[in-house]
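# Overview (structure and organization)
What follows is each chain in one-letter form.
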Amino acid sequence: QVQLVESGGGLVQAGGSLRLSCAASGGTFSSYAMGWFRQAPGKEREFVAAIIRGGGTYYADSVKGRFTISRDNAKKTVYLQMNSLKPEDTAVYYCAADQTGVVSTAVPNWDYWGQGTQVTVSS
């Protein structure tokens, strides 16, 4: 069983930055695809970014050029560096793991989820 714990959320002004972390325990972290999703109030959970075991990265168009996903396999941790934040980035951010190593933007395809961390961007 894989446990994922997110941290690093908070309140920031528009234009600011935050770095989210997701620490994993259990499983074979280095072989998993890791992803970040977000869910704003009243909206469905949506794909933000993902990284495969080889380091290839994928981003939603809405965050491309502003967010950077990275991973440290030795620490079993995945990061999401968020720059130039906008009020529309406000959401609960979730970390996810796919044990097949394949990236998908579809929520049901991911095997494990963290509890989420709140990010609030004020205007």
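Below is a summary of the structure that appears in this document.

Residues Leu4 and Glu6 line the buried face of strand 1 (residues 3-7), whereas the alternating positions Gln3, Val5 and Ser7 sit on a face that is not buried. Bridge count for strand 1 against strand 3 (residues 18-25) is five bridges, and the pairing is antiparallel. Looking at strand 3, one finds that Leu4 is bridged to Ala24.

In terms of residue burial, strand 4 (residues 33-39) counts as a mostly covered element, since six of its seven residues are buried. Here seven bridges tie strand 4 to strand 9 (residues 91-98), and the two strands are oriented antiparallel to one another. Bridged to Arg38 within strand 9 is Tyr93. The pairing of strand 4 with strand 5 (residues 46-51) spans five bridges and is classified as antiparallel.

Summed over all chains, the structure comprises one disulfide. With a sulfur-sulfur separation of 2.1 Å, Cys22 is cross-linked through a disulfide to Cys95. Taking the sign of the S-S torsion, -80° for the link of Cys22 and Cys95, the bridge is left-handed. A residue pair is termed long-range when its members are at least 10 positions apart, and Cys22 in strand 3 and Cys95 in strand 9 qualify at 73 residues.

One key point about sheets: their strands pair by backbone hydrogen bonds, in either a parallel or an antiparallel sense. An order of 1-3-8-7 is seen for the four strands of this open sheet, with the pairing classed as antiparallel. The open sheet is flanked by strand 1 and strand 7 (67-72), the only strands paired with a single partner. Across the sheet, the mean angle separating the axes of adjacent strands is 15° when strand polarity is ignored. Inspection of the sheet shows strand 3 paired to strand 8 (residues 77-82) by six bridges, in the antiparallel sense.

What follows is about unusual backbone geometry. Trans is the prevailing form of peptide bonds, just as negative phi is the prevailing case for residues other than glycine. Its identity is not glycine, yet Lys76 carries a phi of approximately 55°, on the positive side. With respect to the element layout, Lys76 can be found in the loop between strand 7 and strand 8. Look at Ser84: it is not a glycine, yet its phi comes out positive at around 50°. Relative to the helices and strands, Ser84 is located in the loop between strand 8 and strand 9.

Within the secondary structure layout, Gln99 lies in the loop between strand 9 and strand 10 (112-113). What makes Gln99 partly exposed here is its relative accessible area of 42%. For the pair Gln99 and Gly27, spaced 72 residues apart in the sequence, the C-alpha separation amounts to 8.4 Å.

The rules behind these values
Counting from 1, residues in each chain are numbered in the order their sequence is written. Where totals are concerned, whole chains, interfaces and linings use all residues; where local detail is concerned, this predicted model gives features only for residues with pLDDT of at least 70, and gives and counts side-chain atom pairs only at 80 or more. Hydrogens and waters are ignored; side-chain quantities use all the structure's heavy atoms. Note on classification: 1.4 Å probe, protein chains only; a residue is buried when its accessible area is under 20% of the maximum for its type, exposed when over 50%, partly exposed between these limits. Runs of H or I in DSSP of at least four residues are treated as helices and runs of E of at least two as strands, each being numbered from the N terminus. In short, DSSP must find at least two bridges between two strands for them to pair. Cysteine sulfur atoms that come within 2.5 Å of each other are treated as a disulfide pair. Angles run from 0 to 180 degrees between N-to-C directions of axes, and those axes are lines fitted to C-alpha atoms, restricted for helices to the stretch in contact.

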